[in-house]
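# Descriptive analysis of the structure
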Amino acid sequence: MQTYKLILPEHLNHYGSLFGGYMLQWVDEAAWMAASMDYPGCDLVTVAMDRVEFHQGVKEGAIIRFDVERCRVGNSSVQYQVEVHAVNVEQGGSSTVFSTHVTFVRVDGEGNKQALPPPKSGSV
(Lines give C-alpha, C1' and ligand atoms only; values in the text may rest on other atoms or scores of the structure.)
Protein backbone atom coordinates (compact mmCIF):
# COMPACT_ATOMS: atom_id res chain seq x y z
CA MET A 1 0.00 0.00 0.00
CA GLN A 2 1.16 3.53 -0.68
CA THR A 3 -0.04 6.79 0.74
CA TYR A 4 1.31 10.35 0.69
CA LYS A 5 1.54 13.37 2.95
CA LEU A 6 2.38 17.02 2.24
CA ILE A 7 4.58 18.67 4.87
CA LEU A 8 2.96 21.92 6.00
CA PRO A 9 4.22 24.68 8.36
CA GLU A 10 2.28 23.23 11.32
CA HIS A 11 4.30 19.97 11.00
CA LEU A 12 7.68 21.68 11.58
CA ASN A 13 9.79 21.86 14.70
CA HIS A 14 11.67 24.97 15.85
CA TYR A 15 14.56 24.09 13.47
CA GLY A 16 12.28 24.16 10.40
CA SER A 17 12.26 20.39 9.88
CA LEU A 18 9.47 17.87 10.24
CA PHE A 19 8.73 17.17 13.90
CA GLY A 20 9.47 13.48 14.54
CA GLY A 21 6.23 12.93 16.43
CA TYR A 22 4.22 13.58 13.27
CA MET A 23 6.32 11.05 11.36
CA LEU A 24 5.66 8.40 14.02
CA GLN A 25 1.92 9.15 13.98
CA TRP A 26 1.72 8.91 10.19
CA VAL A 27 3.78 5.70 10.07
CA ASP A 28 1.45 4.12 12.65
CA GLU A 29 -1.63 5.31 10.73
CA ALA A 30 -0.35 4.04 7.37
CA ALA A 31 0.52 0.63 8.81
CA TRP A 32 -2.83 0.42 10.62
CA MET A 33 -4.71 1.23 7.39
CA ALA A 34 -2.86 -1.56 5.56
CA ALA A 35 -3.55 -3.99 8.42
CA SER A 36 -7.22 -3.02 8.56
CA MET A 37 -7.59 -3.66 4.83
CA ASP A 38 -5.85 -7.02 5.22
CA TYR A 39 -7.97 -8.01 8.22
CA PRO A 40 -11.35 -6.26 7.89
CA GLY A 41 -13.52 -6.32 11.00
CA CYS A 42 -10.58 -7.09 13.31
CA ASP A 43 -9.67 -4.81 16.20
CA LEU A 44 -5.92 -4.22 15.81
CA VAL A 45 -3.71 -2.34 18.25
CA THR A 46 -0.11 -1.25 17.83
CA VAL A 47 2.25 -3.10 20.15
CA ALA A 48 5.68 -2.23 18.72
CA MET A 49 7.85 -0.28 16.34
CA ASP A 50 11.21 -2.01 16.02
CA ARG A 51 13.31 1.14 15.77
CA VAL A 52 12.96 4.88 15.49
CA GLU A 53 15.79 6.33 13.42
CA PHE A 54 15.41 9.36 11.19
CA HIS A 55 17.80 9.15 8.22
CA GLN A 56 17.48 12.79 7.15
CA GLY A 57 15.36 15.85 7.81
CA VAL A 58 12.27 16.77 5.83
CA LYS A 59 11.46 20.40 5.04
CA GLU A 60 8.23 22.33 4.48
CA GLY A 61 6.60 21.67 1.12
CA ALA A 62 8.05 18.19 0.76
CA ILE A 63 5.84 15.30 -0.27
CA ILE A 64 6.55 12.09 1.58
CA ARG A 65 5.49 8.63 0.42
CA PHE A 66 4.72 5.76 2.79
CA ASP A 67 5.36 2.28 1.37
CA VAL A 68 3.72 -0.35 3.58
CA GLU A 69 4.11 -4.10 3.13
CA ARG A 70 3.02 -7.02 5.30
CA CYS A 71 6.15 -8.98 6.23
CA ARG A 72 5.27 -11.39 9.07
CA VAL A 73 2.11 -13.02 10.37
CA GLY A 74 1.78 -14.82 13.69
CA ASN A 75 -1.18 -16.36 15.47
CA SER A 76 -2.55 -13.08 16.86
CA SER A 77 -0.05 -10.55 15.48
CA VAL A 78 0.96 -9.14 12.14
CA GLN A 79 3.98 -7.01 11.24
CA TYR A 80 4.36 -4.44 8.47
CA GLN A 81 7.49 -2.88 7.05
CA VAL A 82 7.07 0.85 6.51
CA GLU A 83 9.50 2.89 4.44
CA VAL A 84 9.09 6.64 4.13
CA HIS A 85 10.57 8.44 1.13
CA ALA A 86 10.87 12.15 0.42
CA VAL A 87 9.75 12.65 -3.16
CA ASN A 88 11.74 15.11 -5.25
CA VAL A 89 8.98 16.71 -7.33
CA GLU A 90 11.38 19.00 -9.22
CA GLN A 91 13.98 16.45 -10.36
CA GLY A 92 12.17 13.16 -9.89
CA GLY A 93 13.24 10.29 -7.71
CA SER A 94 13.09 9.98 -3.95
CA SER A 95 15.25 9.34 -0.90
CA THR A 96 14.54 7.23 2.17
CA VAL A 97 14.01 9.36 5.29
CA PHE A 98 12.64 6.76 7.74
CA SER A 99 11.96 3.03 7.98
CA THR A 100 10.65 0.69 10.65
CA HIS A 101 8.53 -2.39 11.32
CA VAL A 102 5.17 -1.91 13.05
CA THR A 103 3.54 -4.84 14.85
CA PHE A 104 -0.18 -5.11 15.59
CA VAL A 105 -2.10 -7.57 17.74
CA ARG A 106 -5.74 -8.48 17.27
CA VAL A 107 -7.74 -7.98 20.46
CA ASP A 108 -11.32 -8.53 21.60
CA GLY A 109 -13.51 -5.92 23.32
CA GLU A 110 -11.74 -6.53 26.64
CA GLY A 111 -8.21 -6.22 25.23
CA ASN A 112 -7.45 -9.95 25.15
CA LYS A 113 -5.46 -11.36 22.22
CA GLN A 114 -7.44 -13.13 19.51
CA ALA A 115 -6.27 -15.28 16.62
CA LEU A 116 -6.05 -13.57 13.25
CA PRO A 117 -8.09 -14.91 10.35
CA PRO A 118 -6.34 -15.42 7.00
CA PRO A 119 -5.64 -12.04 5.33
CA LYS A 120 -8.18 -10.82 2.79
CA SER A 121 -7.13 -12.03 -0.65
CA GLY A 122 -5.74 -9.38 -2.96
CA SER A 123 -4.74 -7.15 -0.06
CA VAL A 124 -1.40 -5.53 0.66
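Residues numbered from 1 in each chain as written. Predicted model: local features only at pLDDT ≥ 70, side-chain atom pairs only at ≥ 80, totals over all residues. Heavy atoms only, no water.

Per the secondary structure count, the chain includes 1 helix and 5 strands. Each helix and strand of the chain, ordered N terminal to C terminal, gives the series β-α-β-β-β-β. Reported as C-alpha extents along the three principal axes, the dimensions of the chain are approximately 45 × 30 × 20 Å. The buried share of the chain, reckoned over its 124 residues, is 35%. Entry remark: accessible area of the chain is about 6900 Å², with carbon and sulfur atoms responsible for 49%. Charge separation in the chain, taken as the distance between the mean sites of 9 positive and 14 negative side-chain charges, equals 5 Å. (Helix = DSSP H or I, 4+ residues; strand = E, 2+ residues; numbered from the N terminus. Buried < 20%, exposed > 50% of the residue type's maximum accessible area, 1.4 Å probe, protein only. Areas by Shrake-Rupley, 256 points an atom, 1.4 Å probe, with all protein chains shown as cover. Lys, Arg positive; Asp, Glu negative; His and termini not counted. Charge placed at Lys NZ, Arg CZ, Asp CG, Glu CD.)

By secondary structure assignment, the location of E60 is in the loop between β2 (43-49) and β3 (63-73). Sequence separation of E60 and W32 is 28 residues, and the distance between their C-alpha atoms is 25 Å. When neighbours within four sequence positions are excluded, E60 is seen to be in contact with I7, L8, P9, L12 and G16. (Contact = heavy atoms within 4.5 Å.)

Attention now goes to a nonpolar patch on the surface. On the surface, W32, M33 and M37 cluster together into a nonpolar patch covering about 290 Å² of accessible area. Position of M33 relative to the elements: it lies in helix α1 (residues 20-38). The class of M33 is partly exposed, set by a relative accessible area of 36%. (Patch = residues over 30% accessible without salt bridge, like charges linked within 9 Å, V, L, I, M, F, W, Y side chains within 5 Å. Salt bridge = Lys/Arg side-chain N within 4 Å of Asp/Glu carboxyl O.)

Moving on to the sheet that holds strand β1 (residues 2-6). Taken in spatial order, the 5 strands line up as β1-β3-β4-β5-β2 in an open sheet, and their pairing is antiparallel. The strands lining the two open edges of the sheet, one partner per strand, are β1 and β2. Averaged over all pairs of adjacent strands, the angle between strand axes in this sheet comes to 30°, irrespective of strand direction. Across 11 bridges, strand β4 (residues 77-87) lies against strand β5 (residues 94-107) in antiparallel orientation. Note on β5: the bridge partner recorded for Q79 is T103. Along the sheet, α1 contacts β1, β2, β3, β4 and β5; its crossing angle with β5, the most-contacted strand, is approximately 55°. (Pairing = 2+ DSSP bridges. Axes fitted to C-alpha atoms, helices over the stretch in contact; angles between N-to-C directions.)

Our next topic: the packing of aromatic side chains. With the rule as written, the count across this model stands at 4 aromatic pairs. Measuring from ring centre to ring centre gives 6.1 Å for F19 and Y22, while their planes differ by 75°; the resulting arrangement is edge-to-face. Counting every residue linked through ring pairs, the aromatic cluster contains F19, Y22 and W26. (Phe/Tyr/Trp six-rings, centres within 6.5 Å; stacked < 30°, edge-to-face > 60°.)

Compared with the 27 Å implied by 1.5 Å per residue over 19 residues, the 27 Å span of α1 between its first and last C-alpha is a close match. M23, W26, V27, A30, A31, A34, A35, S36 and D38 are the residues of α1 that are buried. (Expected span 1.5 Å × (residues − 1).)

Let's shift gears to the nonpolar core. Ranked by size, the top nonpolar core spans 27 residues in total, and within it M23, I64, F66, Y80 and V84 carry the most contacts. Counting only elements with at least two residues in this core, the list comes to α1, β3, β4 and β5. It is α1 that provides the largest number of residues to this core, a total of 7 residues. When residues no more than four places from it in sequence are discounted, the contact partners of V84 are M23, V27, I64, R65, F66, S95, T96, V97 and F98. (Core = buried A, V, L, I, M, F, W, Y, C linked by side-chain atoms within 4.5 Å.)

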